[in-house]
Amino acid sequence: AEALAEDAEALAALHDRELTADMIGALRAVDFPVNLGLLPAGEQSLEAWRLMAATLAETGAAELDLLAADYAAIYLTGAYGASPCESVWLDDDHLACQAPMFELRRLYAEAGLAATDWRKRPDDHLVLQLLYLAHTLSSAAGDDDLRRLAVMLDEHLLRWLPDFAARVAAR
C-alpha cells in the first residue's frame, strides 16, 4: 500500500504543474517509471510505461516547451477536450462542478481533507483524486478502509480516467 501511495503522489505531482528541467532531472534520478511500485500488467499499460520512459529519455530544453504547451492545452485551456475534472466526463451536459465534485468533497471531508480552493482546482480534479488515493493508502487501518477506497475508485476515478487518458494520448 505504501508503494502505491507513493505512486499516486508521484502521478499527482506530474499532473499538478508543467514539467521543468529540475523535475525531469529528479525523474531521471529515480529511474522513472521503473521506480513505480505498480508495474504495467497488460499490453496497453506496458505501452504507456514504455512511452513515459522514452519521453523522459528524449526530453531536453526544446521538448520542455512542447510539453508546456500540452500542459496548457490539457489543464488550462481545455484545447484538447480532455478535462482533468470528473464532472465534465460524467455529467450529461459535460458541465464542471457537478454532482461528482460534491460527492468527492464529502469523501474528502470524511477523511479530514479538503481542496485548498475549489474555484481554482475543483474537488473532482485528477490531482486531488490521486492525492486522496495516496492519503487513503498511507493511512489505511484495515480491509474496511481498502474496501471504501475500492468503491471510490469504481464510482469515481475509474469511470472517467481511461477516457481522459485516451483523449490525451490521441492528441
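Parameters at a glance
- Residues numbered from 1 in each chain as written.
- Predicted model: local features only at pLDDT ≥ 70, side-chain atom pairs only at ≥ 80, totals over all residues.
- Heavy atoms only, no water.
- Helix = DSSP H or I, 4+ residues; strand = E, 2+ residues; numbered from the N terminus.
- Rg over C-alpha atoms; globule rule 2.2 N^0.38 Å.
- Disulfide = S-S within 2.5 Å.
- Buried < 20%, exposed > 50% of the residue type's maximum accessible area, 1.4 Å probe, protein only.
- Core = buried A, V, L, I, M, F, W, Y, C linked by side-chain atoms within 4.5 Å.
- Contact = heavy atoms within 4.5 Å.
- Arc of directions from axis to C-beta.
- 1 Å grid on protein atoms, 1.4 Å probe; cavity = no way out; pocket = protein on both sides within 12 Å on 5 of 7 lines; lining within 4 Å.
- Points joined across faces, edges and corners; volume = space filled by probe spheres on them.
- Nonpolar A, V, L, I, M, F, W, Y, C, P; charged D, E, K, R; others polar.

Draft legend 1. Spatial organisation of the overall build of the protein chain. In terms of regular secondary structure, the protein chain is built from eight helices and zero strands. Beginning at the N terminus, the succession of helices and strands in the protein chain can be written as α-α-α-α-α-α-α-α. The C-alpha radius of gyration of the protein chain comes to 16 Å, within 12% of the 16 Å expected for a compact globule of 171 residues. A principal-axis box enclosing the C-alpha atoms of the protein chain has dimensions of 45 × 35 × 30 Å.

Draft legend 2. A look at the state of the cysteines. Summed over all chains, the structure comprises zero disulfides. With no disulfide of its own, Cys85 has Cys97 as its nearest cysteine by sulfur position, at a separation of 7.0 Å. With a relative accessible area of 28%, Cys97 lands in the partly exposed category.

Draft legend 3. The arrangement of the nonpolar core in detail. Counting residues in hydrophobic clusters, the biggest one holds 26 residues, and the most contacted among them are Leu133 and Phe164. Those elements that place two or more of their residues in this core are α1 (2-16), α4 (61-76), α6 (99-110), α7 (126-139) and α8 (143-170). A per-element tally of this core places α7 first, with eight residues. When residues no more than four places from it in sequence are discounted, the contact partners of Leu133 are Ala8, Leu149 and Leu153. One finds Ile24, Phe32, Leu56 and Leu64 within the second-largest nonpolar core, a separate group that totals six residues.

Draft legend 4. Looking closely at the environment of Ser83. Within the fold, Ser83 resides in the loop between α4 and α5 (86-90). Overall, Ser83 belongs to the buried group, its relative accessible area being 16%. Residues Ser83 and Arg167, spaced 84 residues apart in sequence, show a C-alpha to C-alpha distance of 9.4 Å. When residues no more than four places from it in sequence are discounted, the contact partners of Ser83 are Val88, Trp89, Trp160 and Phe164.

Draft legend 5. Focus on helix α2 (residues 21-29). Among the residues making up α2, those that are buried are Met23, Ile24 and Leu27. Each buried residue of α2 sits inside an arc of 100° when the element is viewed along its axis, so together they form one side. Opposite the buried face of α2, by more than 90 degrees, sit the exposed residues Ala21, Asp22 and Ala29. Next to the buried residues of α2 lie α1, α3 (43-58) and α4. With its phi angle positive at about 60°, Asp31 sits one or two positions after the end of α2.

Draft legend 6. Layout of the layout of surface pockets. Taken as a whole, the largest pocket holds about 2200 Å³ of empty space. Contributing to the lining of the largest pocket are 49 residues, with Leu11, His15, Ala48, Met52 and Ala165 lying nearest its centre. Elements with a contribution of two residues or more to the lining of the largest pocket: α1, α2, α3, α4, α7 and α8. At 10 residues, the largest contribution of residues to the lining of the largest pocket is made by α8. Approximately 230 Å³ is the volume attributed to the second largest pocket. Contributing to the lining of the second largest pocket are 14 residues, with Tyr75, Pro84, Cys85, Lys120 and His125 lying nearest its centre. The residue inventory of the lining of the second largest pocket, partitioned by class, reads seven nonpolar, four polar and three charged.

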